[in-house]
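# Structural overview for review
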Amino acid sequence: MESYDQKKAWLDEILTTILSKGSIPQGYKPAVPAVVDEFVRTSHSPHPARLSKTYVEPTNECNLNCRTCVRNVWQEPLGKMSDAVFDAVIDGLKAFWPSPTVFFGGFGEPLSHPGIVDMVSRAKQLGSRVEMITNGTLLTAEMSRRLLDAGLHMLWSSLDGTTPESYSDIRLGAELPRVVKNIAQFRDVLNTGFDAQLGIEFVAMKRNIDDLPAALILAYNLGAKHFIITHVLPYSTDMIDQVIYSRGLRDVGYPQPALPKPEGNDVNGQAVAAALRDMKITLAGNNRQTPLDHCPFVVGESGAVRWDGGLSPCVPLLHSYVSYPVERERFSRSWIIGNVAECRLDDLWHTPQHIAFRERVLDFKFSPCTKCGGCEMSENNEKDCLLNTFPTCGGCWWAEGAIRCP
Ligand code: SF4
Ligand code: SF4
Ligand code: SF4
């Protein structure tokens, strides 16, 4: 029988393969908490017209200035969601049953919106599950209690480094000890009897990948039940060399990360099955049965509302921005179906153009731009070589599973 350490070693190898696609960083020895990642997904076949989760962007303003942030380079106007827009969001969501999960997040810091506690409370009153992501800097003990009292079910906090230096090197303007203290306070309040959970998000790149093992341990010690690892999408040329992926996982030239069959009778199969027994692990955002090249937002029956009321099919299409995946410049133009302050959210959601787009995404007959050498069509999301027109998704790294949102 394999020892516990040997079983863990198998898992370490799997995780390392996922992250580095074969090039194992020096000294990389992750210790894995009991639950690495429990990626929420629907158990039924996704329907293009169903709305199960709504990402609501309270603001695209933020108190930090992270190296990784798209806000450093984009040309988008900044603002906070008004009461009128949020009223329209709540009103529109009433048309859906069961009440969609409301996830407060997007591009910006939700806790910098002065009305965020009331927003959580009103989403909860709808009967929705309520989640949020924060950079953790504004998460005081008082704020933790107010959020939990308001009905928050799940709080995600970003934690991209485990030493004050490595953390502050990425999260410019933030201090690790303070953020860790804030998350610990949230855990302590949560443990006074609230039915809620904590998750940690780690944005993996060259400058912090050595911190990943310690980040897993830190998350575990902070009481996190979920841990999501995402690659970085470089939004500026100086971030290009931080990327630790190259092309899509189905590149012919790269080894395919594969889990050994868990039910096997051989020693290895038994060891892996034992190691994975308590874990729900996803590979690049997908479980083992799901092919890559699927959109986590459309498959997850999600939509997104921008701070100004613009409704999009997904978080990446909320804003326009340039990025440099695999060193090639790509301009992704936002797609706003309409504004919920001017037209009911449920009416916008069901427009034929939007439903047709979601059907197209579920089929995913887009050109495989994340795996291709590139051409001028891959420089934006206007059209592709399979004659798809705006917005095209073949160059989307969320669909590839490299970039992930909770
Ligand atoms: S905390 Fe998030 S929104 Fe704020 S600067 Fe950092 S990456 Fe951007
Ligand atoms: S594939 Fe990407 S761009 Fe297309 S709908 Fe999904 S997340 Fe949005
Ligand atoms: S659109 Fe261009 S980059 Fe995308 S798959 Fe076709 S040839 Fe390749």
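Here, every reference points to the structure presented above.
Residues numbered from 1 in each chain as written. Chains lettered and ligands numbered in written order. Predicted model: local features only at pLDDT ≥ 70, side-chain atom pairs only at ≥ 80, totals over all residues.

## Concerning the packing of helix α4 (residues 141–150) against helix α6 (residues 176–190)
Viewed as axis vectors pointing N to C, α4 and α6 meet at an angle of 40°, and their least axial separation amounts to 9 Å. Comparing the axis directions of α4 and α6 gives the class oblique. Considering the relative orientation of α4 and α6, their crossing is right-handed. Across the interface between the two elements, Ala141, Ser144, Arg145 and Leu148 from α4 touch Gln185, Phe186, Val189 and Leu190 from α6. In terms of residue class, the contact of α4 with α6 is made up of five nonpolar, two polar and one charged. (Axes fitted to C-alpha atoms, helices over the stretch in contact; angles between N-to-C directions. Helix = DSSP H or I, 4+ residues; strand = E, 2+ residues; numbered from the N terminus. Parallel < 35°, antiparallel > 145°, perpendicular 65-115°, else oblique. Left-handed = near helix turned anticlockwise from the far one by under 90°. Contact = placed C-beta atoms within 7 Å. Nonpolar A, V, L, I, M, F, W, Y, C, P; charged D, E, K, R; others polar.)

## Topic: the site of ligand 2
Taken together, 13 residues surround ligand 2, and among them Cys295, Cys314, Cys393, Cys396 and Ala399 come closest. Elements supplying a minimum of two residues to the shell around ligand 2: α9 (296–299) and α12 (397–400). (Near = placed C-beta within 6 Å.)

## Quick notes on the sheet that holds strand β5 (residues 197–204)
Read across the open sheet, the nine strands follow the order β6-β5-β4-β3-β2-β1-β7-β8-β11; overall the sheet is mixed. Of all strands in the sheet, those bounded by a partner on one side alone are β6 (226–231) and β11 (338–339). With six bridges connecting them, β5 and β6 associate as parallel partners. Across the sheet, the residue bridging to alanine 204 is histidine 231, located in β6. (Pairing = 2+ DSSP bridges.)

## Quick notes on the pairing of strand β4 (residues 154–158)
In summary, the side chains of a regular strand alternate between the two faces of the sheet. For β4, a buried count of four out of five residues is recorded, marking the element as mostly surrounded by other parts of the structure. As judged from the four bridges shared by strand β3 (residues 130–134) and β4, these two strands associate in the parallel manner. Looking at β4, one finds that isoleucine 133 is bridged to tryptophan 156. Between the parallel elements β3 and β4, the chain passes through α4 in a crossover that is right-handed. (Buried ≥ 20, exposed ≤ 12 C-beta atoms within 10 Å, placed from the backbone. Right-handed = clockwise from strand over helix to strand, strands pointing away.)

## Some remarks on unusual backbone geometry
Following tryptophan 97, the chain continues to proline 98 via a peptide bond in cis, the omega torsion being -5°. Note that proline 98 resides in the loop between α2 (83–93) and β2 (101–104). The amide bond that connects phenylalanine 390 to the next residue, proline 391, takes the cis arrangement and shows omega of -10°. For proline 391, the location among the structural elements is in the loop between α11 (352–363) and α12. Of note, the phi angle at glutamate 301 is positive, near 55°, even though the residue is not glycine. Mapping glutamate 301 onto the fold places it in the loop between α9 and β7 (302–305). A residue is classified by how many C-beta atoms lie within 10 Å of it, and glutamate 301, with 22 of them, is buried. Unusually for a residue other than glycine, phenylalanine 364 sits at a positive phi of about 50°. Owing to 18 C-beta atoms within 10 Å, phenylalanine 364 belongs among the partly exposed residues under this scheme.

## Comments concerning the environment of lysine 365
Locating lysine 365 in the fold gives a position in the loop between α11 and α12. C-alpha separation for the pair lysine 365 and leucine 386, spaced 21 residues apart in sequence, amounts to 7.9 Å.

## Some details on the environment of glycine 106
With respect to the helices, strands and loops of the structure, glycine 106 is situated in the loop between β2 and α3 (116–125). On the basis of neighbour count, glycine 106 is assigned to the buried category, with 24 C-beta atoms found within 10 Å. It is 8.8 Å that separates the C-alpha atoms of glycine 106 and tryptophan 307, two residues lying 201 residues apart in sequence. With residues up to four places along the chain from it excluded, the contact list for glycine 106 reads Tyr55, Glu57, Asn60, Ala304, Arg306, Val315 and Leu318.

## As for α3
The complete set of buried residues in α3 reads Ile116, Met119, Val120, Arg122 and Ala123. In an axial view of α3, the angular spread of the buried residues amounts to 165°, which keeps them on one side of the axis. At its buried positions, α3 is contacted by α2, β2, β3 and α4. Looking one or two places after α3, you find glycine 127, whose phi comes out positive at around 100°. (Arc of directions from axis to C-beta.)

## Some thoughts on the nonpolar core
Ranked by internal contacts, the top residues of the largest apolar core, which has 87 residues, are Val89, Phe202, Ala219, Cys295, Val340 and Leu345. Among the elements that take part in this core, α6 stands out by supplying six residues, more than any other. In contact with phenylalanine 202, not counting residues within four places along its chain, are Leu159, Asp160, Leu212, Ala215 and Ile229. (Core = buried A, V, L, I, M, F, W, Y, C linked by C-beta atoms within 7 Å.)

## Description of the packing of α3 against α4
Between α3 and α4, the least distance of the axes is 8 Å, while the angle of their chain directions is 20°. On the basis of the axis angle, α3 is roughly parallel to α4. Here the hand of the crossing between α3 and α4 comes out right-handed. Taking contact as the criterion, the partners of Val117, Val120, Ser121 and Lys124 in α3 are, on α4, Arg146, Leu147 and Ala150.

## Notes on the pairing of strand β1 (residues 53–56)
Pairing of β1 with β2 involves four bridges; the strand directions are parallel. Within the sheet, the bridge partner assigned to valine 56 lies in β2 and is phenylalanine 104. What joins β1 to β2 is α2, and the crossover it makes is right-handed. Across four bridges, the pairing between β1 and β7 is parallel.

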